[in-house]
Amino acid sequence: MTNKTIRLTMAQALARFMTRQMTIIDGNKVPIFGGVFAIFGHGNVAGFGEALYQVREELPTYRAHNEQGMAHAAIAFAKASFRRRFMAATSSIGPGATNMVTAAALAHVNRLPVLLLPGEVFANRAPDPVLQQVESFGDGTVSANDVFRPVSRYFDRITRPEQIIPALNRAMQVLTDPAECGPVTLSLCQDVQAEAYDYPEAFFAERVWTPRRPMPDVNELEAAVAAIRTAEKPVIIAGGGVLYSEAAEVLRAFAERHGVPVMETNAGKSSLPHDHPLNMGSVGVTGSSASNLLAEQADLVLAVGSRLQDFTTGSWALFKADNVRIIGLNTQVFDAYKHRAMPLIADAKVGLDLLDGKLGPWHASDAWQATAKAAKAKWLVSAKAVTDPTNALPSDAQVIGAVHRARGSGATLVCASGGLPGELHKLWPAGAPGSYHMEYGYSTMGYEIAGGLGVKLAKPHDDVIVMLGDGSYMMMNSEIATSVMLGKKLTIVVLDNRGFGCINRLQMATGGANFNNLLKDTFHETLPDIDFAAHAASMGAWVRKAASIAELESALAEADKVERTTVLVIDTDPLISTEAGGHWWDVAVPEVSVRPQVNAARKDYEEALKGQRL
Ligand SMILES: Cc1ncc(C[n+]2csc(CCOP(=O)(O)OP(=O)(O)O)c2C)c(N)n1
Ligand SMILES: [Mg+2]
């Protein structure tokens, strides 16, 4: 190490540092930062903006249209890269910064790495209050960016240029650690971005980051092996951790060797190909009848890389066997212990591999495997029935059928909210690992299109299909223009049921009156009649409005040949969702009400609560 220094502004040092962080993908050394999404304002244009210009060849900067959208794209890039690479997003201060807070929460919930670099008020406070500064009467250290604290895995405010040295060291730890992984926010004071410091040259030495694969503790491993050996009805729940650990192949080998049926969470879907005989499909509230039947009877649940959120566990009413034991195979202690699971703290791939070796010839009983086989066959019949076209106004399931017939399991499907996540979880026949990209941790309306852009940046040769509802489209669609501008083609399918269909259905299921969800049930002087195709066309997309499932299928085939982003719109029935499969979900119903429908729903609710295991 030399003691040489180089005089740079804090922003220049930050940009230069980012260009020197590398990783290895398929044997090739590549930059770990895929680029920076940026919307400038006075809080970042002169400092970090100018610094990004200097490194634009090594670290590309992409201009987006909405800070939340650009952060979604950055997060989707990381998810599609199995967290091996990630991006940064920089905003001005005030509204630009707080626009990224929802995205930060999304990354926090989904355990996805993203480096958020919002501008911050002056550290020297000379011009206070600067434009867009939030003023606290009682605390001089508070700024709008403090709202990032609870939704960042690591938050720091850079008030002196040399602070960036330890801050970036910590940031890289968090972004690359499989257990801690999540959003990092470095709040960059505007004056400090422009301030110079003599940085040690060693700070800018190239560094190669490769994923850590923690080995399990010997005792935890032995306990897990002993538990599995005595199980008669074991199942595996594959969560997002299977994909991030790139453990799909090891999972397949484990399942086959030991005859253990696998069920997938929304984050873990595509861990096994849909047609693998041991893949029982989706589990939980939006589960297949096959998975849920097995989960109800299971005496051992090996949960691999799952947060075990309520949709997976049927609000903890899914597992019904008295003697059921759960093993939490997870890199994160917090997750591994959930609901008194036996922890097996380890990387998914390493953990499954070691379990496999220790279990030797042990395998689940033939009877259990036969139960699984029959349950899957039965489920496939139900799934086909709901995805086949009819002459009625199409359901979401029928649109899913059409998209799959037109584009197949080779495409990468992106979605996040509305009725579609449940329908896709049940019905989309996923192909290779990562081909199913569902943000169902935060289930953020408005993630879909921006997320699709991030996926396309990560996997430019993939056929990226975004499916979303009219509500999500209205919430955020501006990155359609960015995808056209960047030449990153997306196929976007908008299912227009003229309102918040899934919440309307939930409202009815909880005894509520149809109120404020479907547009027709809102207060209005004029019923909106939104022309989504015309709207998307105005942003440069190739568009079609399909009048039927058959028209949608031919439009999808046509759109396949178009080079720019295409948007296909189809009217759907807001009242239909797939009844087959599924499980109770804990949504609290009012204990007293003047409406008999609510009282009836409350009675059912109290009955259902009895099935919940605490
Ligand atoms: C940002 C955000 N706001 C609110 C919600 C709650 N929410 C979940 S789905 C939904 C309606 C979605 O409507 P649409 O996209 O049209 O899909 P549909 O339910 O009609 O299938 C709402 C309001 C959410 N998930 N995200
Ligand atoms: Mg809708």
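Preceding block: the structure.
To start, this report covers the structure provided alongside it. Quantities reported herein were computed from a predicted structural model and do not represent experimental measurements.

Another point: the packing of aromatic side chains. One pass over the full model with this rule turns up twelve aromatic pairs. Centroid distance Y199 to F204: 6.2 Å. Interplanar angle 65°. Geometry classified as edge-to-face. Judged by relative accessible area, Y199 falls into the buried class, the value being 0%. Ring centres of W584 and Y605 lie 6.4 Å apart, and the angle between their planes is 40°; this geometry places the pair in the tilted category. You can see W584 sitting in the loop between β23 (566-571) and α24 (596-609) and its partner Y605 sitting in helix α24, a full 21 residues away along the chain. Residue classification places Y605 among the buried positions, given a relative accessible area of 9%. An aromatic cluster is present here, built from F17, Y197, Y199, F203 and F204 joined pairwise through their rings. Of note, R16 hangs over the ring of F204, and the distance from its end group to the ring centre comes to 5.5 Å. The cationic tip of K269 hangs over the ring face of Y436; the distance from NZ or CZ to the ring centre is 5.2 Å.

This paragraph deals with unusual backbone geometry. Between D128 and the following residue, P129, the backbone shows a cis peptide bond with an omega angle of -15°. Note on placement: P129 falls in the loop between β7 (114-120) and β8 (154-158). The residue H339 is not glycine, and still its phi comes out positive at about 50°. Position of H339 relative to the elements: it lies in the loop between α13 (333-336) and β17 (342-345). Exposure remark for H339: the relative accessible area of 41% places this residue in the partly exposed category. For S443, which is not glycine, the phi dihedral falls at a positive 40°. Note on placement: S443 falls in the loop between β19 (436-438) and α18 (448-458).

Analysis parameters
- Residues numbered from 1 in each chain as written.
- Chains lettered and ligands numbered in written order.
- Predicted model: local features only at pLDDT ≥ 70, side-chain atom pairs only at ≥ 80, totals over all residues.
- Heavy atoms only, no water.
- Phe/Tyr/Trp six-rings, centres within 6.5 Å; stacked < 30°, edge-to-face > 60°.
- Buried < 20%, exposed > 50% of the residue type's maximum accessible area, 1.4 Å probe, protein only.
- Helix = DSSP H or I, 4+ residues; strand = E, 2+ residues; numbered from the N terminus.
- Lys NZ or Arg CZ within 6 Å of the ring centre and 35° of its normal.

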